[in-house]
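# Observations on the model geometry
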Amino acid sequence: MNQQEEGEKVKLFGYWASPYVSRVIWALRIKGVEYDYVEEDLENKSDQLLEYNPVHKKVPVLLYRGKPIAESEVILEFIDEAWKDFGDRILPEDPYERAMARFWARFLKDKLSPPIWKWFTTQGQEQEDAHQAAVEQLLVLEKELDGKRFFAGEKIGFVDLSFGPLSYVIPMYQEIIGVKMITEDKFPSLSAWMANFLSSPVVKDHLPPLDKLRLRLQAIREAFLNDRVK
């Protein structure tokens, strides 16, 4: 698809380490959308970013025909609708399946991400409790993935894009902490999904620099632990 022929100009304002930005990049890849990428300095946000997202003042922001769209889940749905005749569908066409896709995205935000983050940024009993809470939620995902290549079936969809960053972030957390949360024995379907997602053509060449990200995450964990000691 050639955006310029249609008089469209698509821009994505992002930050290299943001998992929310990665989701949008993968979605644009699924649709074959050409876009200009603008890297933001989150310590010194550009006037454009503040103008385009005055409510949250965060990335990602997608600029489409001069109009900004903010919040990654909103952007994913917009991409699916704006380019509905290009690439694979991101959200299912069936109303029930669409509702379930949104449900699982909410599950990630409300039920899974908080204990995983707590596990990564604490130690001792607090960390052990967070680990147990995260595993309980991961077992729910394991059941949902049983027999599937991706959450959407054979192709990456909305839920896969939502959970996608976990495929490379959790292994980093495990390496930094020195404790395995996801093993092939306990989570065979989830482990296979992570490998399938990372090897997908729309994903594998559009990952953040993982070595750089690992160092950043290590520094974040150390900062959290030092703050708790004070």
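Residues numbered from 1 in each chain as written. Predicted model: local features only at pLDDT ≥ 70, side-chain atom pairs only at ≥ 80, totals over all residues. Heavy atoms only, no water.

The name given to the protein in an unreviewed UniProt entry is glutathione transferase, with the source organism recorded as Urochloa decumbens. Its UniProt record, at the heading Catalytic activity (unreviewed entry), says of the protein: "RX + glutathione = an S-substituted glutathione + a halide anion + H(+)". Annotation of the protein in UniProt includes, under Sequence similarities (unreviewed entry), the sentence "Belongs to the GST superfamily." (UniProt positions renumbered as here; feature names shortened; annotations may be inferred.)

## Some words on the packing of helix α1 (residues 19-31) against helix α3 (residues 72-82)
Two numbers describe how α1 lies on α3: the axes approach to 9 Å, and their chain directions differ by 5°. Comparing the axis directions of α1 and α3 gives the class roughly parallel. On α3, the residues that touch Y20, R23, V24, A27, L28 and K31 of α1 are S72, I75, L76, I79 and D80. Taken together, the residues of the contact of α1 with α3 break down into seven nonpolar, one polar and three charged. (Axes fitted to C-alpha atoms, helices over the stretch in contact; angles between N-to-C directions. Helix = DSSP H or I, 4+ residues; strand = E, 2+ residues; numbered from the N terminus. Parallel < 35°, antiparallel > 145°, perpendicular 65-115°, else oblique. Contact = heavy atoms within 4.5 Å. Nonpolar A, V, L, I, M, F, W, Y, C, P; charged D, E, K, R; others polar.)

## Side note on a nonpolar patch on the surface
There is a patch of nonpolar side chains on the surface, built from Y96, M100 and F103 and spanning about 320 Å² of accessible area. For Y96, the location among the structural elements is in helix α4 (residues 95-121). (Patch = residues over 30% accessible without salt bridge, like charges linked within 9 Å, V, L, I, M, F, W, Y side chains within 5 Å. Areas by Shrake-Rupley, 256 points an atom, 1.4 Å probe, with all protein chains shown as cover. Salt bridge = Lys/Arg side-chain N within 4 Å of Asp/Glu carboxyl O.)

## Quick look at the packing of aromatic side chains
Throughout the structure, instances matching the rule amount to 15 aromatic pairs. Between Y64 and F78, the ring centres sit 5.1 Å apart and the planes meet at 70°, which makes this aromatic pair edge-to-face. With Y64 in strand β3 (residues 61-64) and F78 in helix α3, this pair connects stretches of sequence that are 14 residues apart. Grouped by ring-pair contacts, the aromatic residues W26, F151, F163, W193 and F197 constitute a single cluster. In this arrangement the basic side chain of K212 is found over the ring face of W16, its NZ or CZ atom lying 4.3 Å from the centre. (Phe/Tyr/Trp six-rings, centres within 6.5 Å; stacked < 30°, edge-to-face > 60°. Lys NZ or Arg CZ within 6 Å of the ring centre and 35° of its normal.)

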